[in-house]
Amino acid sequence: MTGNGSSQPMPRASKTRFERASLALLFVIMLVLRVAYAFHGRSGTDEPQHLHVVWGWTRGMIQYRDFFDNHTPLFHMASAPFLTLLGERANALEIMRLLMIPVFFVSLWSIRRISAALFSREVAIWSPVVAGLFPAFFLASRGFKTDNPWTMLWLLGLAFLVHGTLTARRSLAAGIIFGTALSVSLKTTLLLASLGSAILIALLASLAVRRRPDFKHGITYLFSFLTGLVAIPACLAIFFISVGAWHQLVYCVVDHNTVPGFGRQISGLQRSVLFVVLAVTSVVSGLSIKYSRDLSVGIWRGVIFSAPFIYLGALISFWPVLTGQDYLPFYPLPFIFVTAGVAVILNRLATRLKNRWLQVHLSTLVLSAVSLGELSAIVIAAPPRKDHSREQVGLVAAALALTEPADFIMDTKGETIFRNRPTYSVLESITNYRLRRGLISDDIPERLVATRTCVAVLDNERLPRRARAFLNENYISVGVLRVAGHLLPVSPASNAIRFNVEIPARYVLVSIARNEVSGVLDGSLYEGPRFLERGTHEFLRASSPDSLALVWARAIERGRFPVVESPRQPAEDE
């Protein structure tokens with residue numbers, strides 16, 4: 001049968017089965033890749049920093065008051081129960097990355113909801129796949145970072161605004177979601193400004209094309225939205241005030257992050273990008289509203305198109321420091337419109353084909369091919385079989401093996417995760433800028449002595465000059481970490497070796513050649529590990545004159561021997 005006969009439903013059913021199978025396969029591959037990257041992905045410096053803050057909450061400490069962090073707190077507070085269940089283990093970061101998988105898929109679900117409200121079913125089911133597999137978005141969203149739930153909440157808030165009839169209750173829910181995003185990252189302020197600008201542009205464009213929207217309940221919706229927006233931040237503010245940490249929160253999150261002169265140099269051309277974006281989005285919004293049958297759909301199409309581009313324009317034109325994660329909220333939304341455009345073109349092209357099977361399945365075939373192309377780009381850019389997390393796991397394992405819970409470790413941004421730093425500040429880019437400008441004093445050597453910190457990370461460029469010199473002089477490498485101690489000056493002409501101790505602790509004298517060490521230390525027979533106070537000491541050796549080292553005793557007792565030529569730990573991207 002042909003035409004409008006009984007055979008007509010069959011192609012639709014066939015299309016649906018083929019689509020579902022294609023989508024299921026793509027989502028399974030996507031899930032497998034996310035799990036693979038959780039255990040093999042490269043770790044920057046932000047991930048351990050975030051997990052160290054989470055660990056602080058599990059130890060009963062209060063963020064900002066008891067330890068420094070320059071992010072808003074909700075992500076860390078929400079993650080603390082999971083780390084409590086997991087415990088202190090070397091691969092904790094890898095396992096905590098698994099929490100980002102449901103976050104990623106909620107983001108894709110939100111894209112589907114937005115697409116369904118603005119376009120067809122076909123766009124709604126394919127845009128999450130095409131957007132989710134965009135390599136820059138997929139790879140930037142794999143780490144244990146605040147940027148992932150922040151992006152998820154941004155998309156979820158938009159989905160609540162767009163999908164369904166706008167009501168005071170829906171506005172309140174969207175406000176609560178955006179307020180939650182604000183409690184996860186202060187960069188939400190830029191997203192909200194972009195969204196507000198996009199809404200204003202769309203409303204003005206609707207008036208310009210003589211399609212007047214219904215402003216009858218606008219004030220009510222705005223009030224409901226603002227009420228929801230402040231709810232979660234207000235609760236957090238009350239909590240931190242109650243525990244005496246409000247002023248520290250304001251300093252860490254606001255004052256510390258706003259330093260005049262810090263960041264990239266922005267040219268006049270870059271500053272003009274935002275104004276160009278505003279002009280273009282105004283035109284697009286006007287056209288969208290003019291040619292949409294449903295005025296509300298036309299307005300929301302204009303808003304959802306404009307908001308991410310306004311955000312991107314603001315980043316380029318004004319944001320002082322740009323990282324790959326800053327672009328996460330931008331990436332997915334344009335793909336809704338790309339998918340919609342591709343679907344329209346393919347459906348029109350399909351009507352010209354003579355092959356019935358190709359007519360039915362053309363869009364599925366092309367969009368599946370595009371998705372597989374994106375998958376290939378992801379795998380080529382970051383081969384999932386290559387283990388990039390081994391060094392981070394090894395570092396944490398060494399820290400756990402060498403130290404007890406009450407010990408301090410001198411790291412830069414919490415990369416050893418489960419131990420306190422002897423200093424309050426985190427040595428990230430803004431802190432180091434403040435140190436160079438003299439806005440913060442480098443008291444790290446004094447803090448190392450005061451806290452009797454016997455373990456430190458290897459030499460790296462994030463350490464300020466004075467602290468770096470002190471650590472290089474008074475700590476010795478035992479592999480991926482350094483411990484208190486140093487090589488001793490041995491002279492064939494004299495048996496007397498004078499050396500200085502800065503960190504009071506139990507020390508042992510060892511021969512680099514693994515020979516037995518004997519002699520007299522500070523006037524008494526040396527018989528093994530001994531507590532040495534800060535100051536100058538003397539050792540009269542009775543053994544052969546090979547190279548000797550003074551080493552924190554626990555390192556030797558736990559099987560960590562000095563490495564004479566210690567590799568410098570490279571500074572990773574902030």
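The structure reproduced in this document is the subject of the present report. (Residues numbered from 1 in each chain as written. Predicted model: local features only at pLDDT ≥ 70, side-chain atom pairs only at ≥ 80, totals over all residues. Heavy atoms only, no water.)

**Details of the overall build of the protein**
And step 1. Along its length, the protein carries 22 helices and 11 strands.
And step 2. By its C-alpha atoms, the protein is 105 × 55 × 45 Å across when sized along the principal axes.
And step 3. Taking all contacts inside the protein whose residues are at least 6 apart in sequence as the whole, residues at least 24 apart take part in 74%.
And step 4. Approximately 26100 Å² of the protein is accessible, and the part contributed by carbon and sulfur atoms is 62%. (Helix = DSSP H or I, 4+ residues; strand = E, 2+ residues; numbered from the N terminus. Contact = heavy atoms within 4.5 Å. Areas by Shrake-Rupley, 256 points an atom, 1.4 Å probe, with all protein chains shown as cover.)

**A short note on the nonpolar core**
And step 1. Counting 105 residues, the largest nonpolar core has Leu 51, Leu 83, Phe 138, Trp 154 and Phe 178 as its most contacted members.
And step 2. The element that contributes the greatest number of residues to this core is helix H15 (residues 295-318), accounting for 12 residues.
And step 3. Not counting the four nearest positions on each side in its chain, Trp 154 is found in contact with Phe 178, Leu 191, Leu 195, Ala 307, Pro 329 and Leu 333.
And step 4. Counting 49 residues, the second-largest nonpolar core is a separate cluster that includes Leu 435, Cys 454, Tyr 507 and Leu 509. (Core = buried A, V, L, I, M, F, W, Y, C linked by side-chain atoms within 4.5 Å. Buried < 20%, exposed > 50% of the residue type's maximum accessible area, 1.4 Å probe, protein only.)

**Remarks on the packing of aromatic side chains**
And step 1. This model, assessed by the stated rule, comprises 23 aromatic pairs.
And step 2. A ring pair is formed by Phe 119 and Phe 337, whose centres lie 5.6 Å apart and whose planes are at 85 degrees; its orientation type is edge-to-face. Separated by 218 residues along the polypeptide, Phe 119 in the loop between helix H5 (100-118) and helix H6 (121-132) and Phe 337 in helix H16 (residues 332-350) bring together distant segments of the chain.
And step 3. Under the relative-accessibility criterion, Phe 119 is labelled partly exposed at 23%.
And step 4. Of note, Arg 34 hangs over the ring of Phe 104, and the distance from its end group to the ring centre comes to 4.0 Å.
And step 5. Between the NZ or CZ atom of Arg 514 and the centre of the ring of Phe 561, over which it lies, the distance is 3.5 Å. (Phe/Tyr/Trp six-rings, centres within 6.5 Å; stacked < 30°, edge-to-face > 60°. Lys NZ or Arg CZ within 6 Å of the ring centre and 35° of its normal.)

**What about helix H17 (residues 356-381)?**
And step 1. Helix length check: H17, at 26 residues, gives a terminal C-alpha distance of 38 Å against a target of 38 Å (1.5 Å per residue), a fit within 8%.
And step 2. Along H17, the sharpest kink reaches roughly 55 degrees, centred on Leu 362. (Expected span 1.5 Å × (residues − 1). Bend = angle between axes of the 7 residues up to and from the residue.)

**Concerning the packing of H5 against H16**
And step 1. Interhelical geometry of H5 versus H16 gives an angle of 45 degrees and a closest axis separation of 10 Å. Classified by the angle between their axes, H5 and H16 sit oblique to one another. The element H5 and its partner H16 pack so that their crossing is right-handed. In contact with Ile 111, Ile 114 and Ser 115 of H5, H16 contributes Pro 332, Leu 333 and Ile 336.
And step 2. For the contact of H5 with H16, the class distribution of residues is 5 nonpolar, 1 polar and no charged. (Axes fitted to C-alpha atoms, helices over the stretch in contact; angles between N-to-C directions. Parallel < 35°, antiparallel > 145°, perpendicular 65-115°, else oblique. Left-handed = near helix turned anticlockwise from the far one by under 90°. Nonpolar A, V, L, I, M, F, W, Y, C, P; charged D, E, K, R; others polar.)

**Describing the side chain of Asn 148**
And step 1. Among the structural elements, Asn 148 can be located in helix H8 (residues 147-162).
And step 2. Asn 148 sits in the buried class, given a relative accessible area of 5%.
And step 3. Here the side chain of Asn 148 touches Ser 141 through a polar contact of 3.3 Å, landing on its backbone oxygen.
And step 4. Residues contacting Asn 148, with those up to four places away along its chain left out, are Met 100, Val 103, Ala 140, Ser 141, Arg 142, Gly 143 and Leu 328. (Polar contact = N/O pair within 3.5 Å; in protein donor to acceptor, adjacent residues only side chain to side chain.)

**Looking at helix H10 (residues 188-208)**
Since the α-helix packs 3.6 residues into each turn, any two residues three or four apart lie on the same face.
And step 1. The end-to-end C-alpha separation of H10 is 30 Å, in line with the 30 Å expected for 21 residues at 1.5 Å each.
And step 2. Of the surrounding elements, those touching the buried residues of H10 are H8, helix H9 (168-184), helix H11 (218-242), helix H14 (273-290) and H15.
And step 3. The positive-phi residue at the C-terminal boundary of H10 is Arg 210, with phi of around 60 degrees.

**Considering the sheet that holds strand S5 (residues 496-501)**
And step 1. The antiparallel open sheet is built from 4 strands, whose spatial order is S5-S10-S7-S8. Of all strands in the sheet, those with a lone pairing partner are S5 and strand S8 (524-525), marking the two edges.
And step 2. As paired elements, strand S7 (residues 519-521) and strand S10 (residues 535-541) share 3 bridges and run antiparallel to each other. By the bridge assignment for S10, Leu 521 is matched with Phe 539. (Pairing = 2+ DSSP bridges.)

**Examining the pairing of strand S11 (residues 548-552)**
And step 1. Of all 5 residues that make up S11, 5 are buried, and the element is covered over most of its length.
And step 2. Here S11 shows no split at all, with Leu 548, Leu 550 and Trp 552 on one side and Ala 549 and Val 551 on the other all buried.
And step 3. The pairing of strand S4 (residues 481-488) with S11 spans 4 bridges and is antiparallel. Each residue of the ladder has a partner; that of Leu 487, found in S11, is Ala 549.
And step 4. Strand direction decides the pairing type here: strand S6 (residues 505-511) and S11, joined by 5 bridges, are antiparallel. Counted as the bridge partner of Leu 509 is Leu 550 from S11.

**Here we look at a nonpolar patch on the surface**
And step 1. Nonpolar side chains collect at one region of the surface, where Leu 200, Leu 204 and Leu 207 lie side by side and expose about 280 Å² of accessible area between them.
And step 2. Tracing the backbone shows Leu 200 in helix H10. (Patch = residues over 30% accessible without salt bridge, like charges linked within 9 Å, V, L, I, M, F, W, Y side chains within 5 Å. Salt bridge = Lys/Arg side-chain N within 4 Å of Asp/Glu carboxyl O.)

**Here's the deal with the environment of Leu 249**
And step 1. Relative to the helices and strands, Leu 249 resides in helix H12 (residues 246-255).
And step 2. Note on Leu 249: relative accessible area 14%, which makes it buried.
And step 3. Remark: the alpha-carbon pair of Leu 249 and Leu 481, spanning 232 residues in sequence, is separated by 31 Å.
And step 4. Apart from the residues within four sequence positions on either side, Leu 249 is in contact with Tyr 64, Phe 240 and Val 254.

**Side note on the environment of Gly 373**
And step 1. Position of Gly 373 among the secondary structure elements: in helix H17.
And step 2. Residues Gly 373 and Leu 190 lie 183 residues apart in sequence; the distance between their C-alpha atoms is 33 Å.

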